[in-house]
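# Structural characterization, general
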Amino acid sequence: MIIETFYRTSVKALIKHSEGKILLSKEENGMWELLGGGLDHGETPQTGLVREVQEETGLKVHSIAIQPSYYVTFPVVERNYYAANVIFEAKIDNLDFTPSDECIDLQYFSPEEILEREDMYNNVKMLAKLIIESQS
């Protein structure tokens with residue numbers, strides 16, 4: 001049972017391949033996640049996203065949308081709270097990343113591939129469903 005009454009807010013990067021595939025980061029635990037993370041107090045979403053991507057991968061974000069494209073909320077059962085992802089379209093120049101605990105690999109996946117896999121976090125699957133619904 002989740003008892004906390006707040007949402008942990010994080011900003012996530014929706015980085016798309018020309019074929020519509022979504023860039024995901026493989027964490028040390030084998031799970032795939034969107035790049036990004038929790039906002040620091042007083043930080044703008046764009047500043048937070050640039051910082052988080054830099055911390056996780058060493059990559060530089062050169063373009064971030066002014067408005068988010070998606071917003072998902074979901075329970076994080078193992079940590080006993082709800083999380084909210086504010087998802088912004090963003091661009092990077094290349095995939096020459098520096099591995100870290102939060103990023104041991106980068107790979108593009110189609111929304112359909114995401115839904116078929118067991119090694120995707122729930123927020124990633126929720127985003128994939130929203131993308132597929134918006135294309136119908």
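Please refer to the structure placed before this passage.
Figured I'd write up the structure that's included with this text. All values reported here derive from a predicted model rather than from experimental measurement. (Residues numbered from 1 in each chain as written. Predicted model: local features only at pLDDT ≥ 70, side-chain atom pairs only at ≥ 80, totals over all residues. Heavy atoms only, no water.)

### Remarks on the nonpolar core
Heads up, the condition is: What we call a nonpolar core is a set of buried Ala, Val, Leu, Ile, Met, Phe, Trp, Tyr and Cys residues that are connected through their side-chain atoms within 4.5 Å. Buried means the residue's accessible area, taken with a 1.4 Å probe over protein chains only, is under 20% of the maximum for its type, while exposed means over 50%, and partly exposed covers the values in between. The helix and strand labels rest on DSSP assignments: H or I over at least four residues marks a helix, E over at least two residues marks a strand, and numbering proceeds from the N terminus. It only takes one pair of heavy atoms within 4.5 Å for two residues to be counted as in contact.
By size, the foremost hydrophobic cluster in this structure holds 19 residues, and its most contacted members are Leu24 and Ile114. Mapped by element, the contributors of at least two residues to this core are strand 2 (22-26), strand 6 (70-76), strand 7 (81-92) and helix 3 (122-135). Setting aside residues up to four positions removed in sequence, Ile114 forms contacts with Ile22, Leu24, Phe109, Met120, Val124, Lys125 and Ala128. By size, the runner-up hydrophobic cluster in this structure holds 16 residues, among which are Val11, Leu35, Ile92 and Leu106.

### Quick look at the sheet that holds strand 8 (residues 105-109)
Quick reminder of the rule: Strands were regarded as paired on the criterion that DSSP finds at least two bridges between them.
If you trace the 3 strands from one edge of the open sheet to the other, you get 3-2-8, paired in antiparallel fashion. The outermost strands of the open sheet, each flanked by one partner alone, are strand 3 (32-33) and strand 8. Across 5 bridges, strand 2 lies against strand 8 in antiparallel orientation. Pairing of Lys26 across the sheet is with Asp105, part of strand 8.

### Some words on the pattern of salt bridges
Oppositely charged side chains may form a pair once their charged atoms are brought near each other. Test applied: A pairing counts as a salt bridge when a side-chain nitrogen of Lys or Arg comes within 4 Å of a carboxyl oxygen of Asp or Glu.
Applying the stated rule across the entire model yields 7 salt bridges. A salt bridge links Arg51 to Glu43; the nearest nitrogen and oxygen atoms lie 2.7 Å apart. According to the relative accessible area criterion, Glu43 is buried, its value standing at 18%. A salt bridge links Arg117 to Asp119; the nearest nitrogen and oxygen atoms lie 2.7 Å apart. Of the residues examined, Arg117 reaches a relative accessible area of 29% and is grouped as partly exposed. One network of salt bridges, with partners in common, ties together Asp40, Glu43, Arg51, Glu52 and Glu55.

### Examining helix 1 (residues 45-57)
The periodicity of an α-helix, 3.6 residues per turn, causes residues three or four places apart in sequence to face the same way. Filter applied, for reference: One less than the number of residues in a helix, times 1.5 Å, gives the span that helix is expected to have.
Compared with an ideal rise of 1.5 Å per residue, which puts 13 residues at 18 Å, helix 1 spans 18 Å between its outermost C-alpha atoms and is within 8% of the ideal. Listed in full, the buried residues belonging to helix 1 are Gly48, Leu49, Arg51, Glu52, Val53, Glu56 and Thr57. Those residues of helix 1 that are buried are in contact with strand 1 (7-14), strand 4 (36-38), strand 5 (61-64) and strand 7. Of the residues trailing helix 1, Gly58 is marked for its positive phi of about 80°.

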